[in-house]
Amino acid sequence: MRPARPGDRAAISSLQQLISEPSPELLDGWPAVGTLLVSVDTADRPVGYLLATGDHVAELAVSPEARREGRATALVDALRTRRGDASLTVLVHPDNEAARACYEALGFRHDGRVADAFEDADAIRLVSDSPD
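Everything quoted here is computed from the prediction, not taken from an experiment. (Residues numbered from 1 in each chain as written. Predicted model: local features only at pLDDT ≥ 70, side-chain atom pairs only at ≥ 80, totals over all residues. Heavy atoms only, no water.)

J.: Describe in detail unusual backbone geometry, supporting the description with residues and values.
T.: A cis amide bond links Trp 30 with the next residue in sequence, Pro 31, at an omega value of 10 degrees. Relative to the helices and strands, Pro 31 resides in the loop between α2 (24–29) and β2 (35–40). Positive phi values are uncommon outside glycine, yet Asp 44 reaches one of about 65 degrees. (Helix = DSSP H or I, 4+ residues; strand = E, 2+ residues; numbered from the N terminus.)

Right, dumping it as structure tokens:
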């Protein structure tokens, strides 16, 4: 796990296609818009990434071949370390049960709905309280 580098862009763009509601404009605006962390394989190629704007997790994706290896946990933990005692938030599509389960396993809890957050639906807002 490490901060992203400009040379990681193609791999991250490929991973972004795994997200149901990607925000390519955020990735285009990096590093000015936020924090971009990558989880890498043994050859230092990104197999997962987390893009955050402040305390908000905008995107989190892990390649199917690299799932169930603790990569999402490591990425969120790295963001928590960077953000100190801040609470983290994420918006999840209500139909994306896998994402909701992943974030809940990472300590996020339901905090409400956000109207019209997605093209076709409201979002479920999840929050992870600051560590004690």
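Text resumes after the structure shown.
J.: For the packing of aromatic side chains, give the residues involved together with the corresponding values.
T.: In this structure the tally under the stated criterion is one aromatic pair. Ring centres of Tyr 103 and Phe 108 lie 5.3 Å apart, and the angle between their planes is 75 degrees; this geometry places the pair in the edge-to-face category. Of the two residues examined, Tyr 103 and Phe 108, each falls in the buried class. (Phe/Tyr/Trp six-rings, centres within 6.5 Å; stacked < 30°, edge-to-face > 60°. Buried < 20%, exposed > 50% of the residue type's maximum accessible area, 1.4 Å probe, protein only.)

J.: So what's going on with helix α3 (residues 71–83)? Residues and values would help.
T.: In a regular helix each residue adds 1.5 Å, so 13 residues correspond to 18 Å; α3 covers 18 Å between its end C-alpha atoms and thus fits that length. Buried residues along α3 sit in contact with β2, β3 (46–53), β4 (56–62), β5 (88–92), α4 (97–105) and β7 (123–128). Directly beyond the C-terminal end of α3, a positive phi value near 70 degrees is found at Gly 84. (Expected span 1.5 Å × (residues − 1). Contact = heavy atoms within 4.5 Å.)

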